[in-house]
Amino acid sequence: MSVSIVIVDDHQMVRDGLTSLLQSMDTDIEVIGQGANGREAVDLVKELHPDVLLIDVAMPDMNGIDATLAIQEADPDVKVIAVSMHSDRNYINGMLDAGALAYIRKESAFDELSHALGHVLEGKVYLGEGIAEIVMGKKKNNGLTDRELEVLKRIAEGKKTREIAAELFLSDKTIETHRRQIGRKLDLHSVAELTKFAIRHNITSLNQ
């Protein structure tokens, strides 16, 4: 399967390096455009309709977060991978909330870009080394127990309390207690919020 990619970064050296890396990974990968800022990213996506956009976060003349929001409105089928030198939680959450499916650091790109690309092409979230821990405040899954993770996974898959109870050989009341605990720990209380969290942190995938 041929994969078309647009790369947007305000440093030519980075764009060239990512292009060379992608071309060395697979002959079916084609870099069809490059840009230097968020506005160019939006214009390139509208013009070229790539499968994947690799984009920096901190750029002049529209940052990666605002560009990703605009791109998701213009062409929601484009899979966005953030490739940034920044590992600040606000940058990461900003990109993920805007619609990016992956976030990796530039210094890890050589090792992680192939994995990130494979995940997003399947509609899955990929967080690079150390990124998930930063998002979670360096506390894995906000302190959820293994049982709570099992319950959360099934909630995100759209299963009802009775179904989850049957699968885990627990009572309906116990599952409801786990639901309340999960909501309290994550400060997320709707099924939609819990599902988004589960997808973002690879507890479940988009392909259910």
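Residues numbered from 1 in each chain as written. Predicted model: local features only at pLDDT ≥ 70, side-chain atom pairs only at ≥ 80, totals over all residues. Heavy atoms only, no water.

Visitor: Report on the pattern of salt bridges, specifying residues and quantitative values.
Guide: Taken as a whole and assessed by the stated rule, the structure comprises 13 salt bridges. Salt-bridge contacts for K106 lead to D56; the nearest nitrogen and oxygen are separated by 3.3 Å. With K106 in the loop between β5 (102–105) and α5 (109–121) and D56 in the loop between β3 (52–55) and α3 (64–74), the pair connects residues that are 50 residues apart, well separated along the chain. We note a salt bridge from D97 to K196, for which the minimum N-O separation is 3.8 Å. Of this pair, D97 sits in helix α4 (residues 89–98) while K196 sits in helix α10 (residues 191–200), and the two are 99 residues apart along the sequence. A relative accessible area of 44% places K196 in the partly exposed class. One connected set of salt bridges, linked through shared partners, spans K153, R154, E157, K159 and E167. (Salt bridge = Lys/Arg side-chain N within 4 Å of Asp/Glu carboxyl O. Helix = DSSP H or I, 4+ residues; strand = E, 2+ residues; numbered from the N terminus. Buried < 20%, exposed > 50% of the residue type's maximum accessible area, 1.4 Å probe, protein only.)

Visitor: Could you give me a rundown of the nonpolar core, with the residues and numbers involved?
Guide: Ranked by size, the top nonpolar core spans 47 residues in total, and within it I5, L22, L53, L54, I55 and I81 carry the most contacts. Setting aside anything within four residues of it in sequence, one finds I81 in contact with V52, L53, L54, I55, A102, A116, L117 and V120. One finds L152, A156, I182 and L194 within the second-largest nonpolar core, a separate group that totals 17 residues. (Core = buried A, V, L, I, M, F, W, Y, C linked by side-chain atoms within 4.5 Å. Contact = heavy atoms within 4.5 Å.)

Visitor: With reference to specific residues and values, describe the environment of K160.
Guide: Within the element layout of this structure, K160 appears in the loop between α7 (146–156) and α8 (161–168). When its relative accessible area of 59% is taken as the criterion, K160 is described as exposed. Separated by 15 residues in the primary sequence, K160 and I175 place their C-alpha atoms 9.8 Å from one another.

Visitor: Before we move on, could you go through the environment of G94 and cite the residues and values that matter?
Guide: Locating G94 in the fold gives a position in helix α4. Separated by 28 residues in the primary sequence, G94 and D66 place their C-alpha atoms 9.0 Å from one another.

Visitor: Can you tell me about the environment of G130, naming the residues and giving the values?
Guide: With respect to the element layout, G130 can be found in the loop between β6 (126–127) and α6 (131–135). In the structure, G130 is positioned 35 residues away from A165 in sequence and 34 Å away in space, judged by C-alpha atoms.

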